[in-house]
Amino acid sequence: MDSPPSHDVVTLPDFRNLGVLLRILVIAEAANLVALAAHSPDVIEALKGIGGAALPFELALLAIVLLLFLFSPLLARIPYRRGVGAVVAVTAIVSGGLDLAFHAWVGVVPWGAVLKSAAIAGLLAGVILGYFNWRQRVLSPALAKARLIALQSRIRPHFLFNSLNTAVSLVRQDPRLAEQVLLDMSDLFRALLKDSRSLVPLADEIRLAEAYLQIEQLRLGERLRVHWAREDAPVSVNVPILVLQPLLENAVRYGVEPFAAGGDVHVEIRAGASELVIEVTNSTCGGESPVPSGNRIALANIEERLGLYFDAEGTLHISARDNLFVVKVCVPLRGARTAAQVA
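Since the model is a prediction, treat every value here as computed from it, not as a measurement.

Draft legend 1. Summary view of the packing of aromatic side chains. Applying the stated criterion across every chain, the model contains 2 aromatic pairs. Their ring planes at 35 degrees and their centres at 6.2 Å tell us that Tyr131 and Trp134 sit as a pair that is tilted. One end of the pair is Tyr131 and the other is Trp134, both in helix α5 (residues 111-154) and 3 residues apart, which spans about a single turn. We classify Tyr131 as partly exposed; its relative accessible area is 27%. Grouping aromatic residues by their ring pairs yields a cluster made of Tyr131, Phe132 and Trp134. Lying across the ring of Phe69, Arg16 places its NZ or CZ 5.0 Å from the centre.

Draft legend 2. Region of interest: a nonpolar patch on the surface. A contiguous nonpolar surface patch, about 460 Å² in accessible area, is contributed by Leu66, Phe69, Leu70, Phe71 and Leu74. The element best represented in the nonpolar patch is helix α2 (residues 43-70), accounting for 3 residues. In this structure, Phe69 sits in helix α2. With relative accessibility at 32%, the residue Phe69 sits in the partly exposed group.

Draft legend 3. Spotlight on the sheet that holds strand β4 (residues 263-271). As summarised here, the arrangement of the 5 strands in space is β2-β4-β5-β7-β6, forming an open sheet in which the pairing is mixed. Looking along the sheet, the strands with just one partner apiece sit at the ends: β2 (224-229) and β6 (315-321). Sheet twist, expressed as the mean angle between neighbouring strand axes with direction ignored, is 15 degrees. Pairing of β6 with strand β7 (residues 324-332), which is carried by 7 bridges, proceeds in the antiparallel orientation. Looking at β7, one finds that Thr315 is bridged to Cys330.

Draft legend 4. Structural detail: the environment of Arg225. Within the secondary structure, Arg225 sits in strand β2. With 41 residues separating them along the chain, Arg225 and His266 place their C-alpha atoms 8.5 Å apart. Residue contacts for Arg225: discarding those within four places in its chain leaves Ala261, Gly262, Gly263, Asp264 and Val265. One polar contact links the side chain of Arg225 to the main-chain carbonyl oxygen of Ala261, over a distance of 3.3 Å.

Draft legend 5. The arrangement of unusual backbone geometry in detail. Not every positive phi belongs to a glycine, and Leu242 is a case in point at roughly 60 degrees. Assignment of secondary structure puts Leu242 in the loop between β3 (238-240) and α9 (245-255). The backbone of Asp311 sits at a positive phi, close to 55 degrees, despite the residue not being glycine. Turning to its location among the elements, Asp311 is positioned in the loop between α10 (297-310) and β6.

Draft legend 6. Spotlight on the packing of α9 against α10. Direction vectors running N to C along α9 and α10 enclose 160 degrees, while the axes themselves pass 9 Å from each other. Regarding the angle of α9 to α10, the classification is roughly antiparallel. Where α9 crosses over α10, the handedness of that crossing is left-handed. Residue-level inspection shows Pro246, Leu247 and Asn250 of α9 in contact with α10, the latter providing Ala298, Leu299 and Ile302. Each residue belonging to the contact of α9 with α10 can be placed in one class, and the counts come to 5 nonpolar, 1 polar and no charged.

Draft legend 7. Up close: the side chain of Gln245. Structurally, Gln245 is set in helix α9. Exposure remark for Gln245: the relative accessible area of 3% places this residue in the buried category. Leaving out residues up to four positions away in the same chain, Gln245 has contacts with Leu188, Glu205 and Tyr212.

Draft legend 8. Representation of helix α8 (residues 202-220) in the model. Given a rise of 1.5 Å per residue, 19 residues ought to cover 27 Å, and the 26 Å separating the end C-alpha atoms of α8 matches this to within 8%. Along α8, the residues that are buried comprise Leu202, Glu205, Ile206, Leu208, Ala209, Ala211, Tyr212, Leu213, Ile215, Glu216 and Leu220.

Draft legend 9. How the structure looks around the packing of α8 against α9. Look at α8 against α9: their axes get within 9 Å of each other, and the N-to-C directions meet at 20 degrees. Comparing their axes, α9 and α8 come out roughly parallel. Considering the relative orientation of α8 and α9, their crossing is right-handed. Residues Glu205, Ala209, Tyr212, Leu213, Glu216 and Leu220 of α8 lie in contact with α9, whose contacting residues are Gln245, Leu248, Glu249 and Val252. For the contact of α8 with α9, the class distribution of residues is 6 nonpolar, 1 polar and 3 charged.

Draft legend 10. The arrangement of the confidence of the model for the chain in detail. On average, residues of the chain score 80 in pLDDT, and 78% of them are at 70 or above. Across residues 286-292 the pLDDT falls below 50, and counting only partners more than four positions away or on other chains, this stretch makes 11 contacts in the model.

Draft legend 11. Seen up close, the nonpolar core. Of all hydrophobic cores here, the largest spans 47 residues; its most connected members are Leu244, Leu248, Ile269, Leu276 and Ile278. The biggest single contributor to this core is α8, with 8 residues. Formed by 17 residues, the second largest nonpolar core is a distinct cluster that contains Leu12, Ile24, Ala28 and Ile128.

Draft legend 12. Summary view of α9. Taking burial as the measure, the 11 residues of α9 include 10 buried ones, the bulk of the element. Of all the residues in α9, the buried ones are Gln245, Pro246, Leu247, Leu248, Glu249, Asn250, Ala251, Val252, Tyr254 and Gly255.

What counts, and where the lines are drawn
- Residue numbering note: each chain is counted from 1, following its sequence as written.
- Where totals are concerned, whole chains, interfaces and linings use all residues; where local detail is concerned, this predicted model gives features only for residues with pLDDT of at least 70, and gives and counts side-chain atom pairs only at 80 or more.
- Excluded from the side-chain calculation are hydrogens and water; included are all heavy atoms of the structure.
- Ring geometry is summarised as follows: Phe, Tyr and Trp rings, the Trp one being its six-membered ring, pair when their centres sit within 6.5 Å, and such pairs are stacked at plane angles under 30 degrees, edge-to-face over 60 and tilted between the two.
- Helical segments are the DSSP runs of H or I of at least four residues, strand segments are the runs of E of at least two, and each set is numbered from the N terminus.
- For every residue, the accessible area (1.4 Å probe, protein chains only) is compared with the maximum for its type, and the residue is labelled buried under 20%, exposed over 50%, or partly exposed between those bounds.
- Here, over-ring charges are defined by two tests on the NZ atom of lysine or the CZ atom of arginine: distance to the ring centre within 6 Å, and angle to the ring normal within 35 degrees.
- Nonpolar side chains (Val, Leu, Ile, Met, Phe, Trp, Tyr) are joined into patches within 5 Å and like charges within 9 Å, using only residues with over 30% relative accessible area and no salt bridge.
- Residue-level accessible areas treat just the shown protein chains as cover; the underlying method is Shrake-Rupley with a 1.4 Å probe.
- Note on definitions: salt bridges are taken to be side-chain nitrogens of Lys or Arg within 4 Å of carboxyl oxygens of Asp or Glu.
- Only strands that DSSP links by at least two bridges are regarded as paired with each other.
- Axis geometry follows a simple rule: fit a line to the C-alpha atoms, using only the stretch in contact for helices, then measure angles between N-to-C directions, giving values from 0 to 180 degrees.
- Should any heavy atoms of two residues lie within 4.5 Å, those residues are counted as being in contact.
- In protein, a polar contact means a hydrogen-donor-capable atom and an acceptor-capable atom, both N or O and within 3.5 Å, with residues adjacent in sequence counting only if both atoms are side-chain atoms; elsewhere, any N or O pair within 3.5 Å suffices.
- The labels follow the angle: roughly parallel below 35 degrees, roughly antiparallel above 145, roughly perpendicular from 65 to 115, and oblique for the rest.
- For a crossing to be left-handed, the near helix must be turned anticlockwise from the far one by less than a right angle; the clockwise case is right-handed.
- Gly is placed with the polar residues, together with every amino acid not listed as nonpolar (Ala, Val, Leu, Ile, Met, Phe, Trp, Tyr, Cys and Pro) or charged (Asp, Glu, Lys and Arg).
- Here the expected span of a helix is defined as 1.5 Å times the quantity of residues minus one.
- One number per residue, pLDDT, summarises how confident the predictor is, and it ranges from 0 to 100.
- Throughout, nonpolar core names a set of buried Ala, Val, Leu, Ile, Met, Phe, Trp, Tyr and Cys residues whose side chains join them through atoms within 4.5 Å.

Take a look at the structure:
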């Protein structure tokens, strides 16, 4: 199983991550605007300069981003310093080469300007990589904080007490079943105490969720009705630990427990063209009273960890429709199959 890199060691950003690509484009465009403004006597001249410099700059930027996207797996396998040198060299060569081609097309080749263009592009690449270096180091404390939040929000006394009461009530009636409940609880709390940076196979997350639901099924009986749709689930894909069980706990707590008639929980896990989708749906009214809204700490924690792992590509969407509460988690398959990096 792949594991995330140590966050004490700086790595190159994942140039196939949407968030990384967007940051590169924004920083490069901002630097271009600043350079134009610095070399123009007023705002009007700067705006005019954008049109004249747009084509060569945008083509060079597009070519560089495309090459980084294509060679991202190769860059990830080489040492960090060599990777930085390779990125700076590719950026300088592409920028200088395109600048040379444009000048040759118009019939004049000022070699000084070509070398200047290559040097500036290489310098900008170094600045952008420095930003990602800084960001990765700064996010390390955020990962530790996310771990604490995960532990605090998931070890809930009400769940522990309810599970223990279920086990105690079964000791005389069915000691073997009571033992199974305690074993399931042990698995759950062992997972809760794991490092929240861990990536685990989706199959493990499903087994953990099933263990949790078995305990709740003993406690709630026929009031809890769970429907699985996971025939197409890519069970070998790696996902952040505790991304499914908290969704089910929220669904049971707010969609089943408050109502005498109980409720239905639907779990759908499927693979799309480029992402893993986990969707948990529960009813929001059982005929007696509105469902408690809750503080959504677990949902906020999952969303934060998805962002730390997959940047803009890991998302959590919440929606309500037709008396149903729906939570949809999307994880990029490419990012989940490899060791996730903090962008």
